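Residue-level listing of the chains:
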Amino acid sequence: MSNSYIYSRLYAWFESHRRVLPWRETDDPYCIWLSEVILQQTRVMQGMEYYLRFVSRWPDVESLATAEEAEVLREWQGLGYYSRARNLHKAAQMIVEKGWSPFPTRFEDIRSLPGIGDYTAGAIASFAYNKPYPAMDGNVYRVVARLFDIDEAFDTTAGKKLFHKQIEMLLDHDNPRLFNSAIMEFGALQCTPVLGENCSDCPLQGVCMAYAHGTAELLPVRKPRLQLRDRWLDFHIYVCGEHTLLRRRENPKDIWYHLYEFPCEELTNERPQGKAAFACTHVLSHQRLHARFFVHKVQYLPTLPGTIRVAWPELDDHALSRLTLRALEIISP
C-alpha cells in the first residue's frame, strides 16, 4: 500500500467534499481546542451553536480563565458530560497560571492540561501548529481498521497501541494538518458506520483490505460494553405562584456535579405508587435513570435541606441537568 497514492486520492476527495466549519478556517489553538472539547460525544451541527456562543462570550484563554465555573456550566447546559466543561475551565486557569498564554505550543504541555488526552493533544498540535501528531478520533479508528482490516478492539490497551502504530506509519509528516483533517472528514462522510453504497464509489477502495476481504461492515471492533446500572429517581416540582425550589448536586463522584435540579429522592426498584406528571428513562454512558416528575401546587414552599427558592423566569440563570431540561419541555406548571 503506497502512502503517496492514499494521500493523493484522500486529499482530492477532501477538496471536493469538505464541510466549511469555523474551527477549520483558523489556526488559533484556543478555538481549535474549544471545538475539540465540545465535539467530544457531540454531533457537529449541535456543537456548532455552543462553539459560536463560547467564542463570542470568551474569545480567548484569559477571558475563559476569569469566568465563574457556574457561568461555564450554564453555557454548556444541554451538551452533557459536564466534566468536559469543568476541565475546560480548569485548563484555561492552568494555562494562565503557568504563563502559557495565549496557548501552549509543546505537545507535552498541551497533553498535561485537564481533560486532554492523546487524541485532543494531537489534534491541537497538528491543526494549530502543523506538527506531526496523529488525531485519532472514532472516525479515524474506523478508517484505519478498514484500510488495514484490523479486527483487534480499538478501545483496549493492546488495540490502541496497534492502531497508533498503523496511523504513525500512515501519517503525512510533511502536512499533518491536511492529513488529519482529510482522514477525519473521510470517516465522518464516506467511511461511515453504515456503509450502504459508500464502498462502491470510495476513492480508497483499491487499497482497502477490508473491502477486499468483505469485512468492512464488521469493523471496527469494540470491547464488550459494561452493563448499565439502573437507578430510580423521583423528582418533585413545587409550584408556589411564581416560585419553585431547586437544589444543586454536591457529590463530586456522582452524575451532574454542581448542576441544579428539582428536589429528588432516590428509590429502590420497589417504587411506591403515584401519578407522575411525566416519566421517562434517561440513558447515560454507564447508568440508566428511571425518572418520574411530580408536580405539587402549594400555598407555601416547603423547607427542604439544600434547596433554594427560584422564580420560574430565573430558571434559565442556573445550569440545569439535561434530564431537568427534558422535563421542563413537557411539564408546564
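Refer to the structure above for everything that follows.
Rules used in this analysis
- Residues numbered from 1 in each chain as written.
- Predicted model: local features only at pLDDT ≥ 70, side-chain atom pairs only at ≥ 80, totals over all residues.
- Heavy atoms only, no water.
- Axes fitted to C-alpha atoms, helices over the stretch in contact; angles between N-to-C directions.
- Helix = DSSP H or I, 4+ residues; strand = E, 2+ residues; numbered from the N terminus.
- Parallel < 35°, antiparallel > 145°, perpendicular 65-115°, else oblique.
- Left-handed = near helix turned anticlockwise from the far one by under 90°.
- Contact = heavy atoms within 4.5 Å.
- Nonpolar A, V, L, I, M, F, W, Y, C, P; charged D, E, K, R; others polar.
- Pairing = 2+ DSSP bridges.
- Core = buried A, V, L, I, M, F, W, Y, C linked by side-chain atoms within 4.5 Å.
- Buried < 20%, exposed > 50% of the residue type's maximum accessible area, 1.4 Å probe, protein only.
- Phe/Tyr/Trp six-rings, centres within 6.5 Å; stacked < 30°, edge-to-face > 60°.
- Salt bridge = Lys/Arg side-chain N within 4 Å of Asp/Glu carboxyl O.

Student: What is the right way to look at the packing of helix α5 (residues 69-76) against helix α6 (residues 83-97) in this model?
Tutor: The angle between the axes and the distance between the axes are what describe a pair of packed helices. Where α5 contacts α6, the axes come no closer than 9 Å and their chain directions differ by 135 degrees. As the angle between them shows, α5 and α6 are arranged oblique. Pair α5 / α6 crosses with right-handed handedness. Contacts from E69, V72, L73 and W76 in α5 reach R84, A85, R86, L88 and H89 in α6. When grouped by side-chain class, the residues that make up the contact of α5 with α6 number five nonpolar, one polar and three charged.

Student: Hey, could you run me through the sheet that holds strand β7 (residues 307-311) in this one?
Tutor: The pairing of strands in a sheet comes from backbone hydrogen bonds and takes either a parallel or an antiparallel form. Pairing is antiparallel in the open sheet, where three strands are placed in the order β3-β2-β7. Edge strands, defined here as strands with exactly one partner in the open sheet, are β3 (260-261) and β7. Relative to β7, strand β2 (residues 243-248) is paired through five bridges, and the arrangement is antiparallel. Each bridged residue has a counterpart across the sheet, and for R247 the counterpart in β7 is T307.

Student: Which parts of the structure should I look at to understand the sheet that holds strand β4 (residues 264-267)?
Tutor: If you walk across this open sheet you meet the four strands as β4-β1-β6-β5, and the pairing is mixed. Looking at strand neighbours, the two that pair on one side only are β4 and β5 (278-283), the edges of this open sheet. Sheet twist, expressed as the mean angle between neighbouring strand axes with direction ignored, is 25 degrees. Together, β1 (229-239), β5 and β6 (287-297) form the strand contacts of helix α13 (residues 322-330), whose direction differs from that of β5 by roughly 145 degrees.

Student: Would you mind showing me how to read the nonpolar core here?
Tutor: Side chains of a nonpolar character, in soluble globular proteins, are inclined to be buried together. Among the nonpolar cores identified, the biggest contains 104 residues, and W33, W76, F179 and F293 are the most heavily contacted of them. Non-local contacts of W33, meaning those with residues more than four positions away in its chain, are made with V61, L64, L88, A91, A92, F103, I116 and I124.

Student: Would you mind going over the side chain of R292 with me for this structure?
Tutor: Mapped onto the elements, R292 comes out in strand β6. Given a relative accessible area of 13%, R292 falls into the buried group. With residues up to four places along the chain from it excluded, the contact list for R292 reads L233, D234, F235, L267, R271, P272, G274, A276, F278 and A279.

Student: Sorry if this is basic, but what is going on with unusual backbone geometry here?
Tutor: The general pattern is negative phi for most residues beyond glycine and trans for most peptide bonds. Note that the residue after S101, namely P102, is joined by a cis bond; omega there is 0 degrees. Along the polypeptide, P102 turns up in the loop between α6 and α7 (107-111). Here L219 and P220 are connected by a cis peptide whose omega angle stands at 0 degrees. One can find P220 in the loop between α12 (209-213) and β1.

Student: Got a minute to help me understand the packing of aromatic side chains in this structure?
Tutor: How two aromatic rings sit relative to each other is given by the distance of their centres and the angle of their planes. The full count for this structure, using the stated rule, is 15 aromatic pairs. With 5.1 Å between their ring centres and 75 degrees between their planes, W23 and Y51 make a pair best called edge-to-face. Of the two residues, W23 is situated in the loop between α1 (3-17) and α2 (29-38) and Y51 in helix α3 (residues 44-57); the sequence distance between them amounts to 28 residues. Take W23 and Y51: they sit in the same class, and that class is buried. Ring centres of W33 and F103 lie 5.5 Å apart, and the angle between their planes is 50 degrees; this geometry places the pair in the tilted category.

Student: Would you mind going over the packing of α2 against helix α8 (residues 118-129) with me for this structure?
Tutor: The N-to-C vectors of α2 and α8 enclose an angle of 145 degrees; their axes lie 9 Å apart at closest approach. Here α2 runs over α8; the crossing is right-handed. On the side of α2, the interface is formed by P29, I32, W33 and E36, while α8 contributes Y119, T120, A123, I124, F127, A128 and Y129. Across the contact of α2 with α8, the residue classes break down as nine nonpolar, one polar and one charged.

Student: Just to check I follow, could you spell out the environment of F186 for this structure?
Tutor: Looking at where F186 falls in the secondary structure, it is placed in helix α11 (residues 176-189). Measuring from C-alpha to C-alpha, the distance between F186 and V143 comes to 7.8 Å, with 43 residues separating the pair along the chain. Not counting residues up to four positions away in its chain, the partners in contact with F186 are L10, W13, V143, C191, C202, P203 and L204.

Student: Before we go on, may I ask you to explain the pattern of salt bridges in this structure?
Tutor: Should the charged atoms of two oppositely charged side chains come close, the side chains can pair. A complete count under the given rule lists 19 salt bridges for this structure. Where R53 meets E49, a salt bridge forms, and the shortest distance between an N and an O atom there is 3.1 Å. Residue R53 and its partner E49 are both found in helix α3; the two are separated by four residues, about one turn of the helix. The closest approach of N and O atoms between E71 and R57, which form a salt bridge, is 2.6 Å. With E71 in helix α5 and R57 in helix α3, this pair connects stretches of sequence that are 14 residues apart. With relative accessibility at 29%, the residue E71 sits in the partly exposed group. The exposure class assigned to R57 is partly exposed, which follows from its relative accessible area of 35%.

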